Structures are given as structure tokens and as C-alpha cells.
Amino acid sequence: MPRASQREHASREHWLALAACTVAALTLLWPLLGGQILFGGGRSDMFIAGYAFRLFGAESFLATGQIPQWNPYLFGGLPYIGAMHGDIFYPTAWLRWIMPVDLAITFGMALHFVLAGWFTYRFGRALGLGMGASLFAGIAYELTGIVASQMSPGHDGKLFVSALTPLAFWVLLLAIRHARRWAFGLFAIVVALIVLGHYHMAYFLLLALGLWAVYLTFWDPERPHRATPGRSWMPLVWSLGAVIVGFGIAALQVLPFLAYIPFSPRADGGPDTGWQFATSYALPPSEIMTLLLPQFNGVLERYWGSNPIKLHTEYMGALPLALAALALGDVKRRRLVVALTVGGLFFLLLSFGGHTPFYRPFYELLPLLKKIRAMGMVFYLPAFFLCLLAGIGMDRLVERRVPIRTVLAVAGFVVIIAGLGAAGGLQGLAESLAIPQRMGAVAANAPDLRAGAIRLLVFAVAALVLLWATAVGRLTRVVAIPALTVVMMADLWSIDRVFYVFSPRAKTLFADDQITSRLRDVKPPYRVLDAGDSYGWSLLMAYRIPVARGYHGFSLQRYNELGGAQEGWRNLYSQSVLDLLAIRYLVLPDTQTVPGFTRVVGPITTTFGTPAVLYESTEPPPYARVTRAVATLPEAQIVPTLVDPRFPTRDLALLPDTVATPVPTVTTPPFAKSTVAAQVTDWTPGNMIISLTGSDSITSQLVVSENWYPDWRAEVDGKPAVVRRADHTLLAVDLPPGARSVTLRFDSASYARGKTISLISLLVAIGMIVLPWIMTRQRSARAA
């Protein structure tokens, strides 16, 4: 066949595969065609926080032309870029600039869902698998539980990296096996996308890609023989260089994040570090049965495993597991099969986390691993390798290179497991593996376990018949591959579908009620304490209502300490802390007498179906105040002092005794009141203008009820001023006598540095793509 015809034929195959992957996705996503969105219900991370984060970023960019650097709406304020608020710089953010945010989020996830399958198909073809086998592998990966079940909880970052995984392996294959130098530049861009997608997932994917590069360089039987003797390691150098350039492209996100860690709960010695934290939410080895029978450990509300909750599944499907087993005897691709098998086992052991001794050396030796938890998320890599092995097994099967007894043994094993479960024979095993506290849940799950086993039995028998008929030649390749693919899709769909909860559009989900309407009319700055979780998590941020708590998981540690986060935020209910944080409104689930507050709205039923009553402070606390009196205390004594109801919040500012620039201090009351009044005249996220009236004869402190961070900059009457941390976590500025105006802005030096590095690195990556392409064209022209 002429080369042009070959390219045309291949192009048709690729478009057909893309259509098949789209159809596979639509078996789960078809409600999107009717105008619904995928926010996953009340427990979805996208519903309770992700939508608000992304809405804020999109609206801020459209209003100012810049990515916001500061989020003042949660936990007293925190860096928007450094503390991570989702896909800030990932290309899906661009969709939110041109279409409604809820649709952009949903379609961004749907696109990656399809790409996960199609990129796997393309990688399979690049490895030399047949079209049918590659497409089977792609759809199996797309619909495998660990990928498909991430959509409904709104774990878009995990989905992005899952989709980019086969692309990264494919591009590296082009770069090393096929000696396409331009592919190293593309690989750098893919690395950047992976890092911008999800740090934790990227960490282990880069480790897997490093091992893949080593395989391609030294062990791949098809590695190029054109390399200069003694320089066979050069592809590793190019790969490492591409990774460095990729991190450089992502520097505008990475540098602020690294700068933020010391101020977060994951700082060295912080509450979110150490062995117990790092090993939480790993995949227990006792749940390995869920790869074949997800109901064994219970699905969603029926889950009885050792983790607190589980909103996803690792289900692989009967056929992908059976075909992966058939790949193990492949002689033609022995080295590839060994590499994929070893890689799958390696990352499976990592996903077990602290449940096995295997994880401990990596925890101790690999950088930043002590700050990463939920190792169960690493299972997407074993799932990817298993799906590729399933594609190899499919090729081997349709070429009739698998002994019949092997087919019957593998498929028969699945049938036996399903039969045992259908007969109730697995319930005793489940009870023996459960922790004592979950025995009741195991018993409650028994009917679901039996029903799930019956479901598996149906698909296992269908798989057995098709595998046998293909192996003995009763079904031709043209019939066998589509039949096996359809059964596999139906099997995975029957489990995936329970994880999909669709919603009406955001304008309905986040419609105003009497309380949100009232608060949105209040001129900021102010703060709300939702004491009864009537608007739980970070829902009020979607209305641009600043709250004293929220849902983020990475808030400033000093704010957590002041609020008493480890004790259920009990310090927030101290009158002095209410005043310090300028909490003007309380939301309670019912009417009650609250000293210092007056009921202004309610009782009502909120948009989210919860009872709520709004109270307003009878004497609204100032958002900015000036104190003449300043005292220094050791860090450990500041919070206990501040939460004491006798603490004079408006007359005294507390600084740590390690303060670098000396200030006049007092040690005993009475504390002289300042004659200067402060009023916030302009307030937007990360920017404030505060006017001052009156005058003090000495240097005083302006204390603002927003969190301090090193990137705050201040000017007093147009001149740079000293910014301090006061009252453990709040923002303070030195005021000279006679000061009239203070301007505060959040301006991250690490972000500015990162933008420069990102631009230079992106140009380098483009050069790595373009220059080899030009040189190749020139060589071709000379040869012609």
C-alpha cells in the first residue's frame, strides 16, 4: 500500500477509535446532552468547594485580566495560587473564560474522560498492538473504576493526570524508541500539564515515566541501534532535561506552592505530616478483591473498609483482568509484558501505603513524600498497565496463540469466584477481614455482596463463552473483538453508573435564598461564622460571602491554631476571637438568644435544604483598628491569651517575641487607647485602602482582620511601610505619627519569578520541538 494511502487508512482508524471512545463515555455522560452538569451531589468536592474556587478565579480574571493571588473568602484569607485552588493554570481554566463556569468544568472533565481512552489506544498502536486490541485497552482504561469514578466526586485534577498518562508514555516512546528528537520538547509540555493537573498524581507518574525511560533506553528490544557506542544513556539525559523544562513551564504554580508549604499544616512538624498522615487513605490489601468484585468491600454508603470514606472504586472488570492474565505467556512481547507486569506490581505495592513494609523506604527517602497522603490514588498506574496487558492478551487471543486450557483456567477462576459469592460463600471471608468497628456494616452489605456476585457471574460466563469461542476459532477476529469489547463495556458500565449523580445547572444549585440575598447586599469587608453548617463547607464562597471556616484542607496553619481547628474550631466562639476576625454575622440552625447579636433573617430553609437563621452583631466589629499598645509574647502563649474573653482586642496588639524590627511595647494594663480611627474605604481580594482619621504621637499598629502572609505589601501615605504578623495570624502595619492612608496589596514574589521562568521554559520547549523538525526537513531536502 502506498505511504499516502497508509496514512489515510491510519487516520480513518484513529477517527473511528475516537468515535468509539466518545460513545463509551456517553454511556455514562448522556445526561449532559440534556443540559445537566456533573457536580456529583452533596458530597462531591466540586459541589462543596471546587465550583466556588473556579468561579472566583474565572470572574476575577474576566474582571481584571489577571489571575487572583489572594482568596479572602475562606479561613480569614489564604493565597489563591500558593495554597492551590484546582486547575488554576491548566488549559481547562481557559474554557471558563469563554463559557459558563459550570459547563466548562463539566465539559473539561468529559473531554479528558474521552482522551483517557483515545490516548491509550494511540499508545497501544505505537507499541504495535492491533487496532482492535488497542481500542479494547483504551476503552477498558477509560471505563476502569479508578478513572471513571473520579468524575462524579469532581476530582478533575486526578482525571486530567489519568488522561495524560498514556499520552506521556506514548510521547516518550516516540522520543526514545523512534529517535524523534522533537518529541522531547513535546514531552516537556506534557510534563508541565501533568504537574499543573495534580501534584500528588504527577509525583508517581513521573516516577513511572522515569522507569519507562530506563526500559526504553536499555532493555527495549526495538531501541534504535544508531546510538554512538558508549552513549546509549543519552536518551535519559534528554528525558531528564525535558522534565526540568516541564517543571520550568509549571513554575508559576510550583514556586508559590513550595513557598507556601512552610506556612501550611504540611510544614515540617505540622499536623498534616508524619507517618500516620501519609499512610491514611491508602488502598488496604484486604480490598484487592474489589478489582474483581467491588461489592466485596461495599460501594459508596455500603463501604465497610478501614478508610473513613470511599467515593470511588478500583473495579477493573472481568474481561480486562482475564485478558491481562493471558498476556503473561506472550513470547513475542516478553520484555514489554515483563516491564508492564513489574510496573503494575510496583505501583500496586505503593498504593498499599503503610499496610505493607514496602512503602517505608520510599517514605523515608523520597523528597516531600511525608507531605503526601491518600496513596490509594496511585492505583491508576496499575490500572493503566493492566489495561495495556489486556490489549496484549487480546492480540494473543485472536491470533490463537493461547492454549485452550489456559483460557478455560483463567476465565473459569473468575466464574468460580463469582459463583462462590452468589452462593454466599464470600461473606465469611469479608467478616474475617473487617475491623471490629465495621462488623455491622459488613452484615448490612451481605445482600449487596450476593447481588454483586450474581452480576459478576453473568458477565464472567459471557466472558468465558466468548474467550473460548475465540480461542478455538469459532469467532473470527472481526466478530470476537467487538463482542468482547461490548461485554467489557457493559460490565464496567454496570458498576461505574452508580457513581454518577447529575445535577441541574449552577444557577439552580446555587440559587439565592433570603440569607444569601441579604449578605450579598452588604458592602465588604465583613465575615460570617456559619456555626451550624447550614451552608456547609465552602458553599458561601460561591456567593462571594467571606466565611470564618470553609473546606479547603490547606489553610494557613496559624489561622487554624487561632481558630482551634484541631478541637472543632472551638476558639471561633470566643468573644475576643469573634472580634479579632471581624465576624459580623452568625448563621445558626435555629433561633436562640445570642449575646451581642440580633436576629435579622429567618428561620428559613436554605437553597440546600437546611434550616438557617441569620444574626447580626449589634456593634459590628471593625475590620481594621489602630492600637497604641503593643506587647510581645512567646508564640506558644499568644493564642491562649487571645482566646481569653478578657483580652482587649481593640486596644492591644500581640507580636511574637521573635519580631525582627523592635517596636515600643507595654507589659501591663491599663492600655492607652489610640485616637486614630481606621476605615476600609476600598476592598477587593488582595487589595485594600484604609483611611485614617486622628493622630497619635508615637508609632502605632494598624491591625487588619485578614491573615498575614509574607507577600503582603503596604504603603503609608505613598511610602513603603513595614508589614507585620500580629495577634498570631493577622495582618499589621507600622503607622508613623500623622499617617492618613494605608494601601495594602498582595503581590507574590515567587509568582512573579515563576511567570518569568515559565515563559522562558515554554520558549525552550517550543524550540526543542521546532529546531529538530527544521533540521529534519533540511536533511530530507538535501537527500532529495
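In what follows, the accompanying structure is described.

Looking only at helices and strands, one finds 27 helices and 17 strands in the chain. Since a compact globule built from 784 residues should have a radius of gyration of about 28 Å, the 30 Å found for the chain is in line with a globular shape. Principal-axis analysis of the C-alpha atoms places the extent of the chain at approximately 95 × 70 × 50 Å. A total of 784 residues make up the chain; the buried ones form 56% of that total. When contacts within the chain are restricted to residue pairs at least 6 apart in sequence, those whose partners lie at least 24 apart make up 74%.

Most of strand E8 (residues 629–633) sits out of view: four of its five residues are buried. Pairing between E8 and strand E9 (residues 652–656): five bridges, direction parallel. Considered in E9, the bridge of valine 630 is made with alanine 653. Between the parallel elements E8 and E9, the chain passes through helix H26 (residues 635–643) in a crossover that is right-handed.

A few words now on unusual backbone geometry. Here the amide bond leading from proline 524 into proline 525 is cis, since omega sits at 10°, within 30 degrees of zero. Put simply, glycine 602 and proline 603 share a cis peptide bond, and its omega is 10°. Tracing the backbone through its elements, the reader meets proline 603 in strand E5 (residues 597–605). Look at leucine 368: it is not a glycine, yet its phi comes out positive at around 70°. Note on placement: leucine 368 falls in the loop between helix H15 (359–365) and helix H16 (380–398).

If you check which residues of H26 are buried, you get Ile638, Val639 and Leu642. With its buried residues spanning 85° around the axis, H26 presents them on a single face. Facing away from the buried side of H26, by more than 90 degrees, are the exposed residues Ala636 and Pro640. Buried residues along H26 sit in contact with helix H24 (557–563), helix H25 (575–580), E8 and E9.

On to the sheet that holds E5. The pairing of strands in a sheet happens through backbone hydrogen bonds and is either parallel or antiparallel. If you walk across this open sheet you meet the four strands as E3-E4-E6-E5, and the pairing is mixed. One side of each edge strand has no neighbouring strand; the edge strands of this open sheet are strand E3 (527–530) and E5. Mean inter-strand twist for the sheet, computed between neighbouring axes without regard to direction, equals 20°. By the bridge criterion, six bridges tie E5 to strand E6 (residues 611–617) in an arrangement that is antiparallel. Residue pairing in the sheet places threonine 605 in a bridge with proline 611 of E6.

Okay, the nonpolar core next. Within the largest apolar cluster, 271 residues are counted, with the highest numbers of intra-cluster contacts made by Leu29, Trp212, Tyr500, Phe510, Leu702 and Leu744. Not counting residues up to four positions away in its chain, the partners in contact with leucine 702 are Ala624, Arg625, Val626, Ala678, Ile690, Leu692, Leu731, Ala732, Val733, Leu735 and Val742.

It is worth spelling out the sheet that holds strand E14 (residues 719–721) at this point. The sheet built from five strands is open, its strands ordered E10-E11-E17-E13-E14 with antiparallel pairing. What marks the edges here is a single partner per strand, and that holds for strand E10 (677–684) and E14. Each adjacent strand pair in this sheet contributes to an overall mean axis angle of 25°, direction not counted. Where strand E13 (residues 712–716) and strand E17 (residues 741–746) come together, five bridges link them in antiparallel fashion. Within E17, the position partnered with valine 716 by the bridge is valine 742.

Our focus in this paragraph is the packing of helix H14 (residues 334–351) against H16. It is at 8 Å that the axes of H14 and H16 come closest, and there the two elements cross at 155°. By the criterion of interaxial angle, the relationship of H14 to H16 is roughly antiparallel. Along this stretch, H14 crosses H16, giving a crossing that reads as left-handed. Across the interface between the two elements, Leu336, Val337, Leu340, Thr341, Gly343, Gly344, Phe347 and Leu348 of H14 pack against Leu381, Pro382, Phe385, Leu388, Leu389 and Ile392 of H16. Of the residues assigned to the contact of H14 with H16, the class counts are 11 nonpolar, three polar and no charged.

Moving on, we come to the packing of aromatic side chains. Taken as a whole, this structure holds 51 aromatic pairs when the rule is applied. Summarising the aromatic geometry, the rings of phenylalanine 39 and tyrosine 51 are spaced 5.5 Å apart at their centres and angled 50° between planes, so their arrangement reads as tilted. Of the two residues, phenylalanine 39 is situated in the loop between helix H1 (3–29) and helix H2 (45–64) and tyrosine 51 in helix H2; the sequence distance between them amounts to 12 residues. Accessibility assignment for this pair places phenylalanine 39 and tyrosine 51 in one class, buried. Measuring from ring centre to ring centre gives 6.4 Å for phenylalanine 75 and tyrosine 559, while their planes differ by 75°; the resulting arrangement is edge-to-face. With phenylalanine 75 in the loop between strand E1 (70–71) and strand E2 (78–79) and tyrosine 559 in helix H24, the pair connects residues that are 484 residues apart, well separated along the chain. The class of tyrosine 559 is buried, set by a relative accessible area of 1%. Put simply, the rings of Phe123, Tyr141, Phe169, Trp212, Tyr215, Trp219, Phe346, Phe347, Phe358, Phe362, Phe384 and Phe385 touch in pairs and so form one group of aromatic residues. When the ring centre of tryptophan 275 is taken as reference, the NZ or CZ atom of arginine 360 above it lies at 4.1 Å. A cation sits over an aromatic face here: lysine 370 above tyrosine 363, 4.8 Å from the ring centre.

What counts as what
Residues numbered from 1 in each chain as written. Predicted model: local features only at pLDDT ≥ 70, side-chain atom pairs only at ≥ 80, totals over all residues. Heavy atoms only, no water. Helix = DSSP H or I, 4+ residues; strand = E, 2+ residues; numbered from the N terminus. Rg over C-alpha atoms; globule rule 2.2 N^0.38 Å. Buried < 20%, exposed > 50% of the residue type's maximum accessible area, 1.4 Å probe, protein only. Contact = heavy atoms within 4.5 Å. Pairing = 2+ DSSP bridges. Right-handed = clockwise from strand over helix to strand, strands pointing away. Arc of directions from axis to C-beta. Axes fitted to C-alpha atoms, helices over the stretch in contact; angles between N-to-C directions. Core = buried A, V, L, I, M, F, W, Y, C linked by side-chain atoms within 4.5 Å. Parallel < 35°, antiparallel > 145°, perpendicular 65-115°, else oblique. Left-handed = near helix turned anticlockwise from the far one by under 90°. Nonpolar A, V, L, I, M, F, W, Y, C, P; charged D, E, K, R; others polar. Phe/Tyr/Trp six-rings, centres within 6.5 Å; stacked < 30°, edge-to-face > 60°. Lys NZ or Arg CZ within 6 Å of the ring centre and 35° of its normal.

None of this, on its own, says anything about what the molecule does.
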